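Close look at the chain arrangement
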Amino acid sequence: NLLDRDTFSKSDPICVLYTQTVANREWREFGRTEVIDNTLNPDFVHKFIIDYFFEERQNLRFDLYDLDSKSENLSKHDFLGQMYCTLGEVVGSQGSRMERSLLGIPGKNCGAIIVKAEELGNCRESVLMQFCGNKLDKKDFFGKSDPFLVFYRSNEDGTFTICHKTEVVKNTLDPVWQAFKIPVRALCNGDYDRAIKIEVYDWDRDGGHDYIGEFSTSYRELSKGHSQFTVWEVLNPKKKKKKKKYLNSGTVTLLSCFIDVEVTFLDYIKGGTQINFTVAIDFTASNGNPSQPTSLHYMSPYHLNAYALALRAVGEIIQDYDSDKLFPALGFGAKLPPDGRVSHEFPLNGNPENPYCSGIEGVLDAYYQSLKSVRLYGPTYFSPVINHVARYASLVKDGSEYFILLIISDGVISDMAQTKESIVNASSLPMSIIIVGVGPAEFDEMIELDGDEVRISSRGRFAERDIVQFVPFRDYIDRRGNHILSMARLAKDVLAEIPDQFLQYVRSRGIKPQHSSHSTSSKPPSTLVHPIHPLQTQI
């Protein structure tokens, strides 16, 4: 329902996409769709292909115009409204489809825009095939032949590149070769109609293998093999020229063909997997008195402290993947009112029944409120907040939810043995832990927990996955005061490993994405199905 800006006919809309540079936040035109004449409900065909990074906040702006002339200059055309969002919001929406109102013309309803995102398959399929031969030509003087197959994919320029060789089956004219698995990319570079050439040879010990013949096919033809046998005649062009009565040099049959799709992080997000974000903040006395400017918890009216900066940098990205935007926020290491008991797992909003805060801003508000009411104390215990999130994660192990705990702390961990035990236990649950170290301390224990060098263990048990990512905040302080860029770098470094940690969890448990329809832009042949079959390897 776009605005109608033309007097005699309907608008002629075009959509322009802008992206924002991380460094100086300037908007740059990324591309334009085609123009669709005379409609207020355009369905644009042109797709924007954009690189996606889970760990970055990728801001997008969609501007709509009514084109009135051939001019490339947008100021010569009528503005129809705009919509701002992040790429994470689009892919994190139900089915990766997001509908938003167009804004930008005061007092007017500009209609709505629907944005759909789809991961380009880049051909993520692998195919498992098995061939056999029949009545192949006898090439050996004494015994029968020792046949093997060689597969070639064709290149743009008409040349061929070898991409697979089967094993040799000895002394038979009716070989059955073992099934083999090959990425579809290797077979046809993702082009389902490109020629695939297959040559049949008789193996000889001296390496001078005898050519029996060849045939050609395409991935589209091969993929029909899941429902029927496909038979090719093996032809030797030289023999065909010489002999009038030459029929063929035998046949090769495709016995089975199974297609496997490598699933990605986005397949699960599109299928509805939610990422639950919990934050835990260190309220130990080593942070310094919050009313003093030297304190790591100092609340300056002019700028955010390290805790608030780290929380916002990581939280703003994760929130795009959490539909309710309600985040539990915990504190540890403080004495609580009214009686001054020490707690290592208290809700920042003061409500144990409902520790959820609305949005990242809600978490920041609760953090500031609790700074005013609790007394910083100690010691620094990590295991209670890890166990807190683990209790929730242990209730949903079906891949529909994944938990990320952000711990922000200033230093030395006092319960190292218990923390290691908690992490080893958590490594078999759908969760990851991010630790940001603030202040000038040595962070040796946190580096050890990260487990990148040595996999973490407790009482002889090793963690099933590496689930901890640690960074020191001080590595990201921008001397020139460009917080936006330095915080974007911090978020990128702590979040970059999360998609793989998530995939390790679901793959090791054989969890598939929910009702994930693999609609990739290069549609595979309509006959492709994914038969549940003992031969189909689990990814």
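All residue numbers refer to position in the chain's written sequence, counted from 1. Given that this is a predicted model, residues contribute local features only at a pLDDT of at least 70 and side-chain atom pairs are listed and counted only at 80 or more, while totals for whole chains, interfaces and linings are drawn from all residues. The basis for every side-chain value is the complete set of heavy atoms in the structure, and neither hydrogens nor water enter the calculation.

Right, let's talk about the overall build of the protein for a bit. In terms of regular secondary structure, the protein is built from twelve helices and 26 strands. Our radius of gyration looks at C-alpha atoms and nothing else; its globule reference is 2.2 Å times the residue count to the power 0.38. For 539 residues, the compact-globule formula gives about 24 Å, and the C-alpha radius of gyration of the protein, at 31 Å, lies well above that figure. Taking the principal axes of its C-alpha atoms as reference, the protein extends roughly 100 × 80 × 40 Å. With 539 residues in all, the protein has 51% of them scored as buried. Throughout, a contact is declared for two residues whenever any of their heavy atoms are within 4.5 Å. Counted over contacts in the protein with a minimum sequence separation of 6, partners at least 24 positions apart contribute 69%. Accessible areas in this description were obtained via Shrake-Rupley with a 1.4 Å probe; residue shielding takes into account the shown protein chains only. Accessible area of the protein: about 26400 Å², with a carbon and sulfur share of 51%. Helix and strand labels come from DSSP, where a helix needs a run of H or I of at least four residues and a strand needs a run of E of at least two; each type is numbered from the N terminus. Only protein chains enter the accessibility calculation, which uses a 1.4 Å probe; a residue whose area is less than 20% of its type maximum is buried, one above 50% is exposed, and one in between is partly exposed.

Turning to the UniProt feature "domain: C2" (unreviewed entry) in the protein, a few remarks are in order. Residues annotated by UniProt as "domain: C2" (unreviewed entry) correspond here to residues 1-102 and 109-233. Helix makes up 6% of residues 1-102 and strand 35%. Its end C-alpha atoms lie 10 Å apart. UniProt positions are given in the numbering used here, feature names are shortened, and annotations may be inferred rather than shown by experiment.

This brings us to the packing of aromatic side chains. Stacked, edge-to-face and tilted labels apply to pairs of Phe, Tyr and Trp rings (six-membered ring for Trp) whose centres lie within 6.5 Å, assigned for plane angles under 30 degrees, over 60, and everything in between, in that order. Tallied over the entire structure, the rule returns 23 aromatic pairs. Taking 5.3 Å as the distance between ring centres and 85° as the angle between the ring planes, the aromatic pair formed by Tyr 402 and Phe 502 counts as edge-to-face. Of this pair, Tyr 402 sits in strand E22 (residues 401-409) while Phe 502 sits in helix H12 (residues 498-508), and the two are 100 residues apart along the sequence. With relative accessibility at 2%, the residue Phe 502 sits in the buried group. Linked through ring pairs, Phe 54, Phe 265, Tyr 268, Tyr 321, Tyr 402 and Phe 502 together constitute an aromatic cluster. Over the ring of Tyr 152 we find Lys 197, and its NZ or CZ is 5.3 Å from the ring centre. Charge over a ring is defined by NZ of Lys or CZ of Arg lying within 6 Å of the ring centre and within 35 degrees of the ring normal. Positioned above the aromatic ring of Phe 160, the side-chain terminus of Lys 197 is 4.4 Å from the ring centre.

Once that is clear, we can look at the pattern of salt bridges. Any carboxyl oxygen of Asp or Glu that lies within 4 Å of a side-chain nitrogen of Lys or Arg is treated as forming a salt bridge with it. One pass over the structure, following the stated rule, counts 20 salt bridges. Between Asp 260 and Lys 181 there is a salt bridge whose closest N-O contact spans 3.1 Å. Placement of Asp 260 in strand E14 (residues 251-261) and of Lys 181 in strand E10 (residues 180-183) is noted, with a sequence separation of 79 residues between them. What makes Asp 260 buried here is its relative accessible area of 7%. Classification of Lys 181 as partly exposed rests on a relative accessible area of 40%. Between Glu 464 and Arg 509 there is a salt bridge whose closest N-O contact spans 2.9 Å. On the criterion of sequence distance, the pair formed by Glu 464 in the loop between strand E25 (461-462) and strand E26 (468-472) and Arg 509 in the segment after H12 is long-range, its members being 45 residues apart. Residue Glu 464 is classed as partly exposed on the basis of its relative accessible area of 37%. Taking relative accessible area as the criterion, Arg 509 reaches 32% and is therefore assigned partly exposed. Salt bridges sharing partners connect three or more residues here, namely Arg 57, Arg 312, Glu 316 and Glu 361.

The next thing to look at is the nonpolar core. With 81 residues, the main nonpolar core has Phe 283, Val 436 and Leu 495 as its most contacted residues. Here this core gets ten residues from one element, more than from any other, and that element is helix H6 (residues 306-318). As used here, the term nonpolar core means buried Ala, Val, Leu, Ile, Met, Phe, Trp, Tyr and Cys residues forming a set that is joined through side-chain atoms within 4.5 Å. Leu 136, Ile 212, Cys 257 and Ile 259 belong to the second-largest nonpolar core, a separate cluster that totals 32 residues.

Either a parallel or an antiparallel arrangement is found when strands of a sheet pair, and the pairing is made through backbone hydrogen bonds. Pairs of strands are assigned from DSSP output, requiring at least two bridges between the strands. Strand order in the open sheet made by the four strands is E9-E8-E11-E12, with antiparallel pairing throughout. For this open sheet the edge positions go to strand E9 (160-165) and strand E12 (210-218), each flanked by a neighbour on one side alone. Across this sheet, the average inter-strand angle for adjacent strands is 30°, counted without regard to direction. Pairing of strand E8 (residues 147-154) with strand E11 (residues 195-202), which is carried by seven bridges, proceeds in the antiparallel orientation. Along E11, the bridge assignment pairs Phe 151 with Ile 198. Only the contacting stretch of a helix is used when fitting its axis, a line to C-alpha atoms as for every element, and angles between N-to-C directions run 0 to 180 degrees.

Turning our attention to the sheet that holds strand E18 (residues 341-343). Strand order in this open sheet of three strands is E18-E17-E21, and the pairing throughout is antiparallel. Whereas interior strands pair on both sides, the edge strands pair on one side only; in this sheet they are E18 and strand E21 (375-376). Strand direction decides the pairing type here: strand E17 (residues 334-336) and E18, joined by three bridges, are antiparallel. Paired with Ala 334 across the two strands is Ser 343, which belongs to E18.

Along helix H8 (residues 383-393), the positions that sit buried rather than exposed are Ser 383, Val 385, Ile 386, His 388, Val 389, Ala 390 and Ala 393. Among the structural elements, strand E15 (274-282), strand E16 (326-332), E22, helix H9 (416-426) and strand E23 (431-437) are those in contact with the buried residues of H8.

Within the secondary structure layout, Thr 284 lies in the loop between E15 and H6. Owing to a relative accessible area of 2%, Thr 284 belongs among the buried residues under this scheme. Side-chain polar atoms of Thr 284 contact the side chain of Asp 282, separated by 2.5 Å. Dropping the residues within four chain positions of it, Thr 284 is found in contact with Phe 332, Gly 333, Leu 376, Tyr 377, Gly 378, Pro 379, Thr 380 and Asp 410. What qualifies as a polar contact is a pair of N or O atoms within 3.5 Å, subject to a donor-acceptor requirement within protein and to the restriction that residues adjacent in sequence count only when both atoms come from side chains.

Two cysteine sulfurs form what is called a disulfide whenever their separation falls within 2.5 Å. Per the stated rule, a full pass over the model turns up zero disulfides. With no disulfide of its own, Cys 132 has Cys 257 as its nearest cysteine by sulfur position, at a separation of 14 Å. Here Cys 132 falls in the buried class, since its relative accessible area comes to 10%.

A few words now on H12. Taken residue by residue, H12 has Ile 498, Pro 499, Gln 501, Phe 502, Leu 503, Tyr 505 and Val 506 as its buried positions. Structurally, H12 contributes buried residues whose contacts are with helix H5 (265-270), E22, E23, E26 and helix H11 (483-495). Positive backbone phi, approximately 65°, marks Gly 510, located one or two places after H12.

A cluster of nonpolar side chains, namely Leu 326, Tyr 356, Tyr 392 and Leu 395, defines an oily patch on the protein surface of about 410 Å² accessible area. By the element assignment, Leu 326 lies in strand E16. Two distance rules govern patches: like charges are joined within 9 Å, and nonpolar side chains (Val, Leu, Ile, Met, Phe, Trp, Tyr) within 5 Å, applied only to residues with over 30% relative accessible area and no salt bridge.

Let's shift gears to unusual backbone geometry. Omega for the peptide link from Pro 337 to Pro 338 comes to 0°, which places this bond in the cis form. Tracing the sequence through the fold places Pro 338 in the loop between E17 and E18. In this chain, Gly 378 is followed by Pro 379 through a cis amide linkage whose omega measures -10°. Within the secondary structure layout, Pro 379 lies in the loop between E21 and H8. Positioned with a positive phi, Ser 96 is a non-glycine residue whose angle comes to about 55°. Inspection of the secondary structure puts Ser 96 in the loop between helix H1 (87-92) and strand E5 (97-101). Phi at Lys 135 takes a positive value of approximately 50°, unusual for a residue other than glycine. Mapped onto the fold, Lys 135 is located in the loop between strand E7 (125-134) and E8.

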